[in-house]
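Given next are the chains, with one letter for each unit.
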Amino acid sequence: MPRLLILASTSPYRRELLARLGLPFTVANPQTDETPHPGETPEALSLRLAEAKARAVAKDFPDALIIGSDQVATVDGKIYGKPGNRERGIAQLKELSGKTVNFFTGLCLLDSRSGLAQVRGVPTLVTFRTLSERAIENYLDREPAYNCAGSAKSEGLGIALLQSMRGDDPNALVGLPLIALCDILGAAGVDVL
């Protein structure tokens, strides 16, 4: 009998991405404190939170494979989270204008039966175009990406803000690196195909 697959996330983007694999899964809210630890790098934060999210729901699913994922947008060690509102979205996009941002996605597959976790990090380097204030405001009027790190949705109109993207998995930028997930699911005995 196949193991229960759990997505430890309330993100509609991650849910949509995982559904593309055609595997049955259940969604659980991980309720995790996402505060960075003192001196923690953005990449280490993302990896720690991906595993913490998976472990946060493990007690409710003692015989499951649990997927946790977390993404940080970072430039020169500074983290750019979800702006939450228009004012912070505008400020973020002004700061990111003309810069290359590492959208680093941490991924974890936790076997709640054994307690073993497979953790991977998937970087995506995104270079923003040089953006005028008018372009930023027009973009946010049309696509208020206030729940996205970096204030832009690459899978929507936000692609017009970008000059280039470099990474191994285009899905990682949206929040769930499916190529890496297929690898670690396969190592856990789940045949996606």
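Residues numbered from 1 in each chain as written. Predicted model: local features only at pLDDT ≥ 70, side-chain atom pairs only at ≥ 80, totals over all residues. Heavy atoms only, no water.

A. Broad picture of the overall build of the protein chain. On a plain count of helices and strands, the protein chain comes out with six helices and seven strands. When each of the 193 residues of the protein chain is scored for burial, the buried share is 47%. With 21 positive and 22 negative side-chain charges, the protein chain shows a separation of 3 Å between the mean positions of the two kinds. (Helix = DSSP H or I, 4+ residues; strand = E, 2+ residues; numbered from the N terminus. Buried < 20%, exposed > 50% of the residue type's maximum accessible area, 1.4 Å probe, protein only. Lys, Arg positive; Asp, Glu negative; His and termini not counted. Charge placed at Lys NZ, Arg CZ, Asp CG, Glu CD.)

B. Molecular detail of unusual backbone geometry. In this structure, Gln31 takes a positive phi of about 40° despite not being glycine. In this structure, Ser151 is a non-glycine residue whose phi angle is positive, near 65°. Structurally, Ser151 is set in the loop between α4 (133-142) and β7 (162-167). On the basis of relative accessibility, which here comes to 0%, the residue Ser151 falls in the buried class.

C. Expanded view of the environment of Thr127. Tracing the chain through its elements places Thr127 in strand β6 (residues 117-128). Counting along the chain gives 56 residues from Thr127 to Gln71, while the straight-line C-alpha distance between them is 17 Å. Excluding residues that lie within four positions of it along the chain, Thr127 makes contacts with Lys99, Thr100, Leu162, Gln163, Ser164 and Arg166. (Contact = heavy atoms within 4.5 Å.)

D. Examining the side chain of Ser112 more closely. Tracing the sequence through the fold places Ser112 in the loop between β5 (100-111) and β6. There is a polar contact of 2.5 Å between the side chain of Ser112 and the backbone oxygen of Phe61. Of the polar contacts made by the side chain of Ser112, one reaches the backbone nitrogen of Ala64; its length is 2.8 Å. Apart from residues no more than four positions distant in its own chain, Ser112 is found in contact with Arg3, Ala58, Phe61, Pro62, Asp63, Ala64 and Ile66. (Polar contact = N/O pair within 3.5 Å; in protein donor to acceptor, adjacent residues only side chain to side chain.)

E. Representation of the pairing of strand β1 (residues 4-8) within the structure. Across the five residues of β1, four count as buried, placing the element largely inside the fold. Sheet topology note: the β1/strand β2 (residues 26-28) ladder contains three bridges and is parallel. From the neighbouring strand, Ala8 faces β2, where its bridge partner is Ala28. In the classification by handedness, the crossover that spans β1, the intervening helix α1 (residues 12-19) and the parallel β2 is right-handed. (Pairing = 2+ DSSP bridges. Right-handed = clockwise from strand over helix to strand, strands pointing away.)

F. Quick peek at the pattern of salt bridges. Under the defined criterion, the tally for this structure stands at 12 salt bridges. Between Arg20 and Glu16 there is a salt bridge, with the nearest N and O atoms lying 3.8 Å from each other. Exposure remark for Arg20: the relative accessible area of 53% places this residue in the exposed category. The partner of Glu40 in a salt bridge is Arg48, and the shortest N-O contact between them spans 2.7 Å. What makes Glu40 buried here is its relative accessible area of 18%. Residues joined by salt bridges that share partners form a network here, namely Arg3, Asp63, Asp111 and Arg113. (Salt bridge = Lys/Arg side-chain N within 4 Å of Asp/Glu carboxyl O.)

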